[in-house]
Amino acid sequence: MAGTNEVDFSLDGEVFGAGDGTGPAAAAAPAKPLGNPTLVVDHLHVSYRVFGGKRLGASTGFKPSLYRRLFERATRSVGAVSEVPAVRGVSFVAREGESIGIIGRNGAGKSTLLRAMAGLMPYSDGAVYAQGQCALLGVNAALLTGLTGERNVMLGGLALGLSRAEVKARFDSIVEFADLAEFIHLPMSAYSSGMAARLRFAISTAKVPDILMIDEALSTGDTAFQRRSRDKINQVRAQAGTVFLVSHSANAIRSMCERALWLDKGQLVMDGPAEAVLEAYNRAYNDAAA
Amino acid sequence: MTVQPPPALSSAAAAALAAKYGLRRIGARPPLGAYTASLWRRRDFTWTLATSDAYGKNQGSYLGQVWGVLKPLLQFGVFFVVFGLLMPAGTRAGIGDFLSYLVIGTFLFEFMASGLNNSGRAIAAKIKLVRALEFPRAVLPISVTCTELIMMWPATLVMLAIVLVRGHYPTWRWLLLPCAIALIYLFVLGCGFFLARIVSATPDLGNLVPIATQLLRFVAGVFFSIETLAADFGWLGQAAILEPFALYLRLARSTLMAEVHASGADWAMGVGYALVVLVSGYIYFWLAEARYGRD
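Everything numeric in this text was worked out from a predicted model, so none of it was measured.

Undergrad: How should the overall build of chain B be read in this particular structure?
TA: Looking only at helices and strands, chain B has 14 helices and 1 strand in total. Each principal axis of the C-alpha atoms in chain B carries an extent, and together these give about 85 × 50 × 40 Å. Taken over 295 residues, chain B has a buried fraction of 50%. Considering only contacts in chain B between residues 6 or more positions apart, those separated by 24 or more positions represent 78%. In chain B, 23 positive and 14 negative side-chain charges are present, and the distance between their average locations comes to 12 Å.

Below is the structure:
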């Protein structure tokens, strides 16, 4: 477990500040040796375009005419497009071998941040720089549910950029990792949510990614699967990769991550050692509840 | 709350740090060459996606894949009743063998129409895949049109059988039919690139695509001879003869039916339409690569 004292945290802060004045050279020599940057997120903004809400008209306070009321009732849902900002100016640097937990309340922008970092969701402003290949595992990252698990393994592997022969060579180990046995020949619509999550995890990590992002995907698996995924995560980190983990479980973050980001309303509240961030997060919650 | 958000690097410093360690910018549009290369590497993925979709489309019914032949046959039956039996014979003027003329027109136009309709929704239909995996998005319009091509095969065999039964025996010109179908495919794919981008940016326009193909069905000469009718319409008639959909139907018919003629200029124009639309559509689609999957 990494050190959780205040000194370590303040050092981290200095590392981040150093880039402004003295350049990246200063960042290369912190107290705890860190690897090279694998992911740089720079003032990232992501907003969703949402159709079909109700247009929020400016209320004048006067009772409008009958014509006007009828017209507005009819057109209230026409052209109702709203921009929903999900991530608002997040910046941080992730390094080789790091495992970073992301915490925050529902709707804080955690999943959107991961998607944007993985290049799956266009962002509106800022920049993301990353090394190598990103793999994102999310609860929503469904493959094609009408097809068999077998077919999904082939599709997923090909989409990751493996060749047909490479997918075939890894097929057995993928099925074994997902622990699906004969279910692999059934359509995914027949799978339980845990089974589908296991298959997704197995497919996404068939090619060991440089950056692995896990969005609550472990919570649906059973204990045996969680242990296997933990091994996989350690494998990624051992190969100088970086792991991101979004979870509502403080224990999962504590046991798998040494650093944590706390997001609230799309903004970064705190970035530091997991233990310290979790403590501050819990304190903020308990204060709010009291 | 006592915690402070950590200080961030300036944008210039972040970019310098990324450049120093060789990080690539995520979400930026790759250059056209690199994009095409990565698209080529995903050809197996594109094809697997297309075959899976083709198989899945007719699942979930008792007759399954038989519908691939039944649907165009029924469509053909409707047109035959309306335009072959109910309408006065004058609408069939200038057509030798109406039955063969109609079956080729119906089956090939159905392929073009469903290719256009489906490629408009190519991104939206696979939005979960887009949000889950990173791959060049041009895979999607290509695989959607490939799906239509795969599903057209059984219908093409039925079409050939009907044409044979009507007494059109194979000549060397039959060898040109695959060329005509290939040109049609490339043209539809090019249109598909345009539609996929336009509809993903403005979903409303997706509702207009079926209306547009419906209009084309009537003006492209699926069930009457556009060449015979065009004489009454001056330059508008000439335009209707030369527009791509009518032209491609004429090319396809000329390979199977002796009474339909297509000149070398017609074939050259067919190649021209396909290439121009394909290349411009591909570039148009690629220009918005960084924006797909936003909603």
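Read on, since the account is not over.
Undergrad: Is there a simple way to explain the interface of chain A and chain B in this structure?
TA: Interface size is commonly expressed as the accessible surface area that is lost when the partners come together. The interface is formed by 59 residues belonging to chain A together with 49 residues belonging to chain B. Around 4700 Å² of area is buried between chain A and chain B when both sides are counted, 61% of it from carbon and sulfur atoms. For the chain A face of the interface with chain B, the top three residues by lost area are R49(A), L120(A) and Y129(A), together amounting to 14%. Between the two partners, chain A and chain B, sit 1 salt bridge. Measuring nitrogen to oxygen at the nearest pair gives 3.7 Å for the salt bridge that ties D44(B) to R164(A). The interface formed by chain A and chain B contains 11 residue pairs in polar contact (both at pLDDT 80 or more). When residues of the side of chain A that touches chain B are traced back to their parent elements, those giving at least two are α1 (6-21), β1 (37-51), β2 (81-95), α4 (110-117), β4 (125-130), α5 (149-159), β9 (267-273) and α10 (274-289) of chain A. The biggest single contributor to the side of chain A that touches chain B is β1(A), with 10 residues. When grouped by side-chain class, the residues that make up the side of chain A that touches chain B number 36 nonpolar, 14 polar and 9 charged.

Undergrad: Looking at this structure, how should I read the nonpolar core?
TA: The nonpolar side chains of a soluble globular protein tend to be buried with one another. Membership of the largest hydrophobic core comes to 134 residues, with the highest contact counts inside it found for L199(A), W262(A), F45(B), I104(B) and L256(B). Sort the elements by how many residues they give to this core and helix α9 (residues 176-201) of chain B lands first, with 14 residues. Apart from the residues within four sequence positions on either side, L256(B) is in contact with I104(B), M159(B), L160(B), V163(B), H168(B), W174(B) and L177(B). Of all hydrophobic cores here, the second largest spans 33 residues; its members include A94(A), L120(A), M121(A) and L261(A).

Undergrad: Please clarify how the sheet that holds β1(A) should be interpreted in this entry.
TA: Strand pairs in the sheet, formed through backbone hydrogen bonds, run parallel or antiparallel to each other. Reading across from one edge, β2(A)-β1(A)-β4(A)-β1(B) is the order of the 4 strands in this open sheet, with antiparallel pairing throughout. The open sheet has two edge strands with one neighbour each: β2 of chain A together with β1 (24-25) of chain B. Bridging between β4(A) and β1(B) involves 2 bridges; their strand directions are antiparallel. What sits directly across from Y129(A), in β1(B), is R25(B).

Undergrad: When you look at a nonpolar patch on the surface in this model, what are you seeing that I'm missing?
TA: A surface patch of nonpolar side chains, amounting to about 500 Å² of accessible area, comprises L229(B), F233(B), W235(B) and L236(B). Position of W235(B) among the secondary structure elements: in helix α12 (residues 234-242).

Undergrad: How do you make sense of the state of the cysteines when you look at a structure like this?
TA: Covalent bonding between the sulfur atoms of two cysteines is what defines a disulfide. Residue and element names in this part refer to chain B. Applying the stated rule across the entire model yields 0 disulfides over all chains. Left without a disulfide partner, C146 is nearest to the cysteine sulfur of C191, which lies 15 Å away. Look at C146 and you get buried, because its relative accessible area is 10%. Accessibility expressed as a relative area gives 16% for C191, which makes it buried.

Undergrad: Where do I start with the packing of helix α6 (residues 164-178) of chain A against helix α7 (residues 193-204) of chain A in this structure?
TA: Geometry of a packed helix pair, given as the angle between the helix axes and the separation of the axes. Residues and elements named next belong to chain A. For the pair α6 and α7, interaxial distance at closest approach is 8 Å and the crossing angle is 145 degrees. Relative to α7, the crossing made by α6 is right-handed. Of the residues in α7, those in contact with I174, F177 and A178 of α6 are R198, L199, F201, A202 and I203. When the residues that make up the contact of α6 with α7 are grouped by side-chain class, the tally is 7 nonpolar, no polar and 1 charged.

Criteria and cut-off values
Residues numbered from 1 in each chain as written. Chains lettered and ligands numbered in written order. Predicted model: local features only at pLDDT ≥ 70, side-chain atom pairs only at ≥ 80, totals over all residues. Heavy atoms only, no water. Helix = DSSP H or I, 4+ residues; strand = E, 2+ residues; numbered from the N terminus. Buried < 20%, exposed > 50% of the residue type's maximum accessible area, 1.4 Å probe, protein only. Contact = heavy atoms within 4.5 Å. Lys, Arg positive; Asp, Glu negative; His and termini not counted. Charge placed at Lys NZ, Arg CZ, Asp CG, Glu CD. Buried area = accessible area lost by both parts, 1.4 Å probe. Salt bridge = Lys/Arg side-chain N within 4 Å of Asp/Glu carboxyl O. Polar contact = N/O pair within 3.5 Å; in protein donor to acceptor, adjacent residues only side chain to side chain. Nonpolar A, V, L, I, M, F, W, Y, C, P; charged D, E, K, R; others polar. Core = buried A, V, L, I, M, F, W, Y, C linked by side-chain atoms within 4.5 Å. Pairing = 2+ DSSP bridges. Patch = residues over 30% accessible without salt bridge, like charges linked within 9 Å, V, L, I, M, F, W, Y side chains within 5 Å. Areas by Shrake-Rupley, 256 points an atom, 1.4 Å probe, with all protein chains shown as cover. Disulfide = S-S within 2.5 Å. Axes fitted to C-alpha atoms, helices over the stretch in contact; angles between N-to-C directions. Left-handed = near helix turned anticlockwise from the far one by under 90°.

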